[in-house]
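Each chain, written out:
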Amino acid sequence: MTTQRDLVDEYFAGFRTSDHPRILATLTDDVEWVIHGHRTIRGRTEFDGEIENPAFTGSPQLDVERVIEDGPVVVVTGEGRGTSVAHGPFRFAFNDLFTFRDGLIARVDSYVVPLP
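Computed from a predicted model, the values in this text were never measured in an experiment.

Description of the environment of Thr45
One can find Thr45 in helix α3 (residues 43–51). Thr45 gets classed as exposed once you look at its relative accessible area, which sits at 73%. Taking the C-alpha atoms as reference points, Thr45 and Thr3, separated by 42 residues in sequence, lie 25 Å from one another.

Some words on the side chain of Glu32
Assignment of secondary structure puts Glu32 in strand β1 (residues 27–35). For Glu32, the residues in contact, after removing those within four places along its chain, are Thr40, Ile41, Arg42, Ala106, Arg107 and Val108.

Things to note about the packing of aromatic side chains
According to the stated counting rule, one finds twelve aromatic pairs in the structure shown. Geometrically, the ring pair formed by Tyr11 and Phe15 is tilted, given 5.1 Å between the ring centres and 55° between the ring planes. Placement of the pair is Tyr11 and Phe15 together in helix α1 (residues 4–17), with a separation of four residues, close to one helical turn. Each member of the pair Tyr11 and Phe15 is classed as buried. Within the aromatic cluster, the residues linked to one another by ring pairs are Tyr11, Phe12, Phe15, Trp33, Phe47, Phe56, Phe90, Phe92, Phe94 and Phe98.

What to know about the nonpolar core
With 23 residues, the main nonpolar core has Tyr11, Phe12, Phe15, Leu27, Trp33, Phe47 and Phe98 as its most contacted residues. Among the secondary structure elements, those contributing two or more residues to this core are α1, α2 (20–24), β1, α3, β4 (73–84), β5 (88–101) and β6 (104–115). Here the element with the most residues in this core is α1; it accounts for five residues. The residues touching Phe47, leaving out its near neighbours within four places in the chain, are Tyr11, Phe15, Ile23, Leu24, Leu27, Val31, Trp33 and Ile41.

A short note on the environment of Phe90
Here Phe90 lies in strand β5. The class of Phe90 is partly exposed, set by a relative accessible area of 30%. Expressed as a C-alpha distance, the spacing of Phe90 and Gly49, which sit 41 residues apart in the sequence, is 21 Å. Not counting residues within four places of it along the chain, the set of residues in contact with Phe90 comprises Phe56, Gly80, Arg81, Gly82, Thr83 and Ser84.

Here is what the cut-offs are and how they apply
- Residues numbered from 1 in each chain as written.
- Predicted model: local features only at pLDDT ≥ 70, side-chain atom pairs only at ≥ 80, totals over all residues.
- Heavy atoms only, no water.
- Helix = DSSP H or I, 4+ residues; strand = E, 2+ residues; numbered from the N terminus.
- Buried < 20%, exposed > 50% of the residue type's maximum accessible area, 1.4 Å probe, protein only.
- Contact = heavy atoms within 4.5 Å.
- Phe/Tyr/Trp six-rings, centres within 6.5 Å; stacked < 30°, edge-to-face > 60°.
- Core = buried A, V, L, I, M, F, W, Y, C linked by side-chain atoms within 4.5 Å.

Geometry only, nothing functional implied.
Set out below in structure tokens:
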């Protein structure tokens with residue numbers, strides 16, 4: 001049986017390799033991704049378009065530091081690195097809050113903070 005933590009691990013593994021089917025398999029059809037301070041993505045089709053956002057190149061490096069689970073919610077904190085088309089390499093800290101419904105991720109609340 002796949003646990004919520006297993007599904008979150010799959011989600012991050014998919015992002016590390018830009019594996020669209022792997023990521024999308026973890027999500028409900030009506031998933032909502034709120035990237036606080038930036039925008040909200042609704043549904044798998046919009047989510048799929050954000051996996052490899054044209055403003056970035058390559059796949060991000062994501063280092064999970066902490067995972068906390070409480071009922072239908074899994075919270076993950078960590079740091080990452082990526083490459084912006086306009087500005088080159090960058091580092092960031094992240095906090096993602098995953099809300100589950102019927103065994104899949106129904107909502108992702110992402111908080112991203114640039115690091116020096």
